[in-house]
Every structure is written in C-alpha cells, then in structure tokens.
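Letter by letter, the chains look like this.
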2 protein chains.
Amino acid sequence: MPMSMPLGDTPRRVTRRRVATRARLLDAAFTVFAAKGFGRVSIEEICDAAGYSRGAFYSNFATLDELFFALYQDRADVIAAQVAEALAQDGPGLDVPAAVDRVTEVLLLDVDWLLVKTDFLVHAARDPDVARALLDHRARLREAVADRLFRARGHTELPAVLGDVDSAAHAVVAAYDGVTTQLLLDKDVEAARAWLKQLLTALLTDGSRTPV
Amino acid sequence: MPMSMPLGDTPRRVTRRRVATRARLLDAAFTVFAAKGFGRVSIEEICDAAGYSRGAFYSNFATLDELFFALYQDRADVIAAQVAEALAQDGPGLDVPAAVDRVTEVLLLDVDWLLVKTDFLVHAARDPDVARALLDHRARLREAVADRLFRARGHTELPAVLGDVDSAAHAVVAAYDGVTTQLLLDKDVEAARAWLKQLLTALLTDGSRTPV
DNA sequence: TGTATTCGATACACCGATGTATCGAAAGGG
DNA sequence: CCCTTTCGATACATCGGTGTATCGAATACA
C-alpha cells in the first residue's frame, strides 16, 4: 500500500526524532501565534520558525487547527499544575493575601500565553468540541481553588453574598478573565497583578473588614 | 489623472447610495464575522452576504481591517449609549439590584456582539492603534458606571475593600469581561445573566449585609 | 432634463498558501 | 553491521483570495 502519510493509524515504530520535531514545532508555533495571532499565521511560517520544511508538519499534524489544539492542551496542563502547586502550600488555615499573591504571580506570568489562550477562546467559541477542552481547563482551575477554599472552611470566613465555596471559585476565575482582558490591551503586567490581587481580596474577604 | 479609486481625499459629491451600501456591507460583515470569526472570513464572503460584488467593497474600504474597525466603532457607540441610558434611570439614591438588573440585560443581550467584540480584542492585542479604540470604549462604559456610583455616594455605601468609586467601576467592567468569557464557551445566556448579577451584587454591596 | 461625477460590476493578473507524491536520509531492530 | 521502517525535504499541481483597471449605470446638481 503506497500511502505515504499514514496518520490515521499509529506507526509501529515510534522514533525519538519524531517527538523532538513535534516538540520544536509546538514551541515555534507558540511563539508565532503569540506574535501574529492564530488567524494570521500560515503553516509555512511555523515550519520556518522551527527550522523545518512543511513535510515535517504534515508528517505530524493534519491541519493547523489540530496543532493549535495540541499546543493548547500541553500548555494548559502546565499552568493547571502550577496553580495547584501554588495553592498546595501552607496549612489548613488559609492565609488569603498570601495565597492570592502566589496565584496571581502564576496566572499573570506570561503575556504570550494569555494572547494564545485568548486566540484559543475565540476559536473555541465557534466549535463545541474545542470549547469542551477549554471548559475542562477552566474546571480544573476552579476545582483547585474550590478545594483550597473548602479545606479552609471554619478557619476563614467567606462573604455571604457569594454563597458556597463553588461560587467563590467561579468568581475567582471570572476575576482572572476580567483582568486578563484589560492586560491584553494595556500590556501593563504589574498593574494587572495589583488589580487582580485587589479584586480577589474584595471577593474573598468579608467587606466589613478594613483593607490594607 | 486616471486613478480609479480616490479613497484618500473625500469625494466632492456624497451619494445617498453610498451610505446605504456601506451600511449593508457593515451589517453583512457583522453576521459573517459572528458566524465564522474575523480570521476566517474573506472579503468576498462579506460582499456575497450583502448582495454586492467586491467592487463595492473596494470603493468603500481599503482593507478588511479597516471595515472591522469601522464596524466595531459603530456598534460600540450603540452599546455605550444603551448602558448610559440604563444607568440614567431612577433618582440619586441608587437601587443597586435594580440598576444591576438593567445593566445586565443590556450587556449580555446579544451573543453575536460578544463574539465579534472578542475577535476585536484579539485583534487589538496586537495593534496599539486598535487597542486604543477598544480602551476608549471600555473607558466610556467605566465612566458611565463611575458617574452613577458617584451620584449615589452618601445614599448608598460601597464596600471599603474596593476603595474609591473609580475602582468599583473598574471592578464592574472586569466582572463583565469575566462572565463574557464563560458565556462564549457554554452559550448559556440566562446563566450568565444570573451569574453577572450575583457577582456585581457581591462587589457593590457590603459583605456584611445578608443576600436575598 | 442634461450632464458631470460617482458608484459598483466585471474581468484580469498575481501571488501565497495548501496538500500530495516522491525520494533520499536517519533511526531502530535483529 | 545490515536491512527494514519511518521521517522529513523537495517538487509539483492547484485553488482561493487579493488588488487593480475598465466601463456601464446610477445619481446629484444646474
């Protein structure tokens, strides 16, 4: 059978070279997507940036969409792990300001990631399958936050307006998204961090407490 | 001089026909952008949807980007006016739940608009000039909210954590953006409205007050 | 109504990007 | 070390979209 690109079924031998090129293609894609936006990038640009020809691309992916999806999955996993780690620290009593600080550092670390993630959002908004992947990622983040808040119940009080721990976690993610939008426009990372800290503090601590 | 498309200088006569075609092109563009995303739309698709040929397009715009920009400006003005109107109602004493209800209805009315607006965000994130336009729109919304809160000072208390009226307005916009993101993924308008109301209430009323 | 001007349809030339087929080179198994 | 399998570079055919030039039709103004 002279089919030259058997992508449908897994090849029997899995080469070391293959995983390396795949990784380099994904890295290059991340850079190029961040710089120009998914909608304005050609397959060839990514291959050039990675130091390959288009043959390498078609040997590893069927379409640009497929590469984009794989790229998002990889990076989202890393972020989720980082957030979980940032929340795992200190004991059962939740030190809200400290935890907020750590999470904020992780979430607003890399503007390029926010750019790519927003491209992916736009993409997902028109494709239910892709949307599912993004919703999964958000759910993972939310659960990490909710778990942490749940462990802290009894030690630290939440404002009553938010209701349960789950709503509070939802609110944290929403605040993150809101600050992200502003950051993408003014590119002021430090301002965004300060602002996200303030927002999260306002959401997670009782309003009757005085700030600062 | 046989230049056939004098777009640089304003034509001496301004035809009625021209404004009609321009409007129809913008309307069609809105529909097509919402359905497929800015990055996946060709000039020809828009002309087809509007019932024109590409000649009409090039007679009115120089590039797709230019049309997109004009489209955003038009619609953003409408939204800003609607929000201002929703906030203008009832007297100096601010009825937070009622105002929140009205604003929420306006802001989360049209999912297509949210889709296009997010496309525009992604676009603006890579072009400072475009970003300025979007920041202007956001500033207009913020000011409308801040004005309203300012008029209500003394009558209604804000939670201390948010600080001044301006921070509170900032928080309102951030909450809007956050809820928008979720809505684009799950397409559940009613859930988004309920959730935005809850978030805004949590942000704008003192946490010591009990809800509902 | 006549006429100068503007508007938009059509046709054409032109990339740029895509996907496939082919083949030499690299890599792993024996 | 040989030989089989896989990987990725190159070449090719093709297609869709772009931008411009041209020209008839529509429109405003006198």
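The rules behind the values
- Residues numbered from 1 in each chain as written.
- Chains lettered and ligands numbered in written order.
- Predicted model: local features only at pLDDT ≥ 70, side-chain atom pairs only at ≥ 80, totals over all residues.
- Heavy atoms only, no water.
- Salt bridge = Lys/Arg side-chain N within 4 Å of Asp/Glu carboxyl O.
- Helix = DSSP H or I, 4+ residues; strand = E, 2+ residues; numbered from the N terminus.
- Buried < 20%, exposed > 50% of the residue type's maximum accessible area, 1.4 Å probe, protein only.
- Patch = residues over 30% accessible without salt bridge, like charges linked within 9 Å, V, L, I, M, F, W, Y side chains within 5 Å.
- Areas by Shrake-Rupley, 256 points an atom, 1.4 Å probe, with all protein chains shown as cover.
- Lys, Arg positive; Asp, Glu negative; His and termini not counted.
- Charge placed at Lys NZ, Arg CZ, Asp CG, Glu CD.
- Near = heavy atom within 4 Å.
- Polar contact = N/O pair within 3.5 Å; in protein donor to acceptor, adjacent residues only side chain to side chain.
- Nonpolar A, V, L, I, M, F, W, Y, C, P; charged D, E, K, R; others polar.
- 1 Å grid on protein atoms, 1.4 Å probe; cavity = no way out; pocket = protein on both sides within 12 Å on 5 of 7 lines; lining within 4 Å.
- Points joined across faces, edges and corners; volume = space filled by probe spheres on them.
- Least-squares fit on C-alpha atoms with pLDDT ≥ 70 in both.
- Contact = heavy atoms within 4.5 Å.
- Axes fitted to C-alpha atoms, helices over the stretch in contact; angles between N-to-C directions.
- Parallel < 35°, antiparallel > 145°, perpendicular 65-115°, else oblique.
- Left-handed = near helix turned anticlockwise from the far one by under 90°.

Asker: I tried to follow the pattern of salt bridges on my own but got confused; where do I start?
Answerer: Pairs may arise between side chains of opposite charge once their charged atoms sit close together. Under the definition given, this model contains 22 salt bridges over all chains. For Asp119 of chain B, the salt bridge identified is with Arg126 of chain A, shortest N-O distance 3.1 Å. Taken together, the residues span two chains, with Asp119 of chain B in helix 6 (residues 111–124) and Arg126 of chain A in the loop between helix 6 (111–124) and helix 7 (128–151). A relative accessible area of 5% means that Asp119 of chain B is categorised as buried.

Asker: Explain a negative patch on the surface to me, please; I cannot follow it from the model alone.
Answerer: A contiguous patch of negative charge on the surface is contributed by Glu143, Asp147, Asp164 and Asp166 of chain A. Counting through the fold element by element, Glu143 of chain A comes out in helix 7.

Asker: Looking at this structure, I do not really get the side chain of Arg138 of chain A. What am I missing?
Answerer: Looking at where Arg138 of chain A falls in the secondary structure, it is placed in helix 7. Judged by relative accessible area, Arg138 of chain A falls into the buried class, the value being 7%.

Asker: When you look at the protein's contact with DNA strand D in this model, what are you seeing that I'm missing?
Answerer: Surveying the vicinity of DNA strand D reveals 22 residues, the closest of which are Thr15, Thr21 and Ser53 of chain A together with Arg54 and Tyr58 of chain B. Counting only atoms of DNA strand D within 4 Å of the protein, the sugar-phosphate share comes to 66%. Between DNA strand D and the protein, one listed contact pairs a phosphate oxygen with a side-chain N or O atom of Thr15 of chain A at 2.6 Å. Here a phosphate oxygen of DNA strand D and a side-chain polar atom of Thr21 of chain A are 2.5 Å apart. For the surface near DNA strand D, the secondary-structure elements that each account for two or more residues are helix 1 (16–36) and helix 3 (54–60) of chain A together with helix 1 (16–36), helix 2 (43–50) and helix 3 (54–60) of chain B. Among the elements that take part in the surface near DNA strand D, helix 3 of chain A stands out by supplying 4 residues, more than any other.

Asker: Can you help me understand the side chain of Arg193 of chain A in this one?
Answerer: Mapped onto the fold, Arg193 of chain A is located in helix 9 (residues 189–204). A relative accessible area of 10% means that Arg193 of chain A is categorised as buried.

Asker: What is the right way to read the protein's contact with DNA strand C from this model?
Answerer: Lining the immediate environment of DNA strand C, one finds 23 residues, of which Arg54 and Tyr58 of chain A together with Thr15, Thr21 and Ser53 of chain B sit closest. What you see for DNA strand C is that sugar and phosphate hold 67% of its atoms within 4 Å of the protein. With respect to DNA strand C, the side chain of Arg18 of chain B contributes an N or O atom lying 3.0 Å from a sugar or linking oxygen. Between DNA strand C and Thr21 of chain B there is a distance of 2.4 Å, counted from a phosphate oxygen to a side-chain nitrogen or oxygen. At the level of elements, helix 1, helix 2 (43–50) and helix 3 of chain A together with helix 1 and helix 3 of chain B are the ones that each hand at least two residues to the surface near DNA strand C. Broken down by element, the surface near DNA strand C gets its largest block of residues, 4 residues, from helix 3 of chain B. Class assignment for the residues of the surface near DNA strand C results in 5 nonpolar, 9 polar and 9 charged.

Asker: What's the story with empty space enclosed by the protein in this structure? I'm lost.
Answerer: One way to see where empty space is left: roll a probe the size of a water molecule over the atoms. All told, the structure shown has 9 cavities of 30 Å³ or more when counted by the stated rule. Estimates place the volume of the largest cavity at around 360 Å³. Lining the largest cavity we find 26 residues, and of these Leu121 and Thr181 of chain A together with Leu121, Asp177 and Thr181 of chain B sit closest to its centre. Put simply, the parts of the chain that give the lining of the largest cavity at least two residues each are helix 6, helix 7 and helix 8 (165–186) of chain A together with helix 6, helix 7 (128–151) and helix 8 (165–186) of chain B. In terms of residue class, the lining of the largest cavity is built from 12 nonpolar, 8 polar and 6 charged.

Asker: I keep staring at the relation of the copies chain B and chain A and nothing clicks. Help me out?
Answerer: Each of the two chain copies can be brought onto the other by rotation about an axis and movement along it. With an RMSD of 0.0 Å, chain B superimposes on chain A once it is rotated by 180° and translated 0.0 Å along the axis. On the angle and the small slide along the axis, the relation comes out as a two-fold axis. Looking at the interface residues of chain B, 100% of them are also at the interface in chain A, so both copies use one shared face.

Asker: Quick question: what am I supposed to make of the packing of helix 8 of chain A against helix 7 of chain B here?
Answerer: When two helices pack together, their arrangement is given by the angle between their axes and by how far apart the axes lie. Contact pair helix 8 of chain A / helix 7 of chain B: the axes reach a minimum separation of 9 Å and the direction vectors enclose 135°. Our classification of the angle between helix 8 of chain A and helix 7 of chain B gives oblique. The crossing of helix 8 of chain A and helix 7 of chain B is left-handed. The segment helix 8 of chain A lies against helix 7 of chain B, with Thr181, Gln182 and Leu185 of chain A engaging Ala131, Leu134, Leu135, Arg138 and Arg142 of chain B. In terms of residue class, the contact of helix 8 of chain A with helix 7 of chain B is made up of 4 nonpolar, 2 polar and 2 charged.

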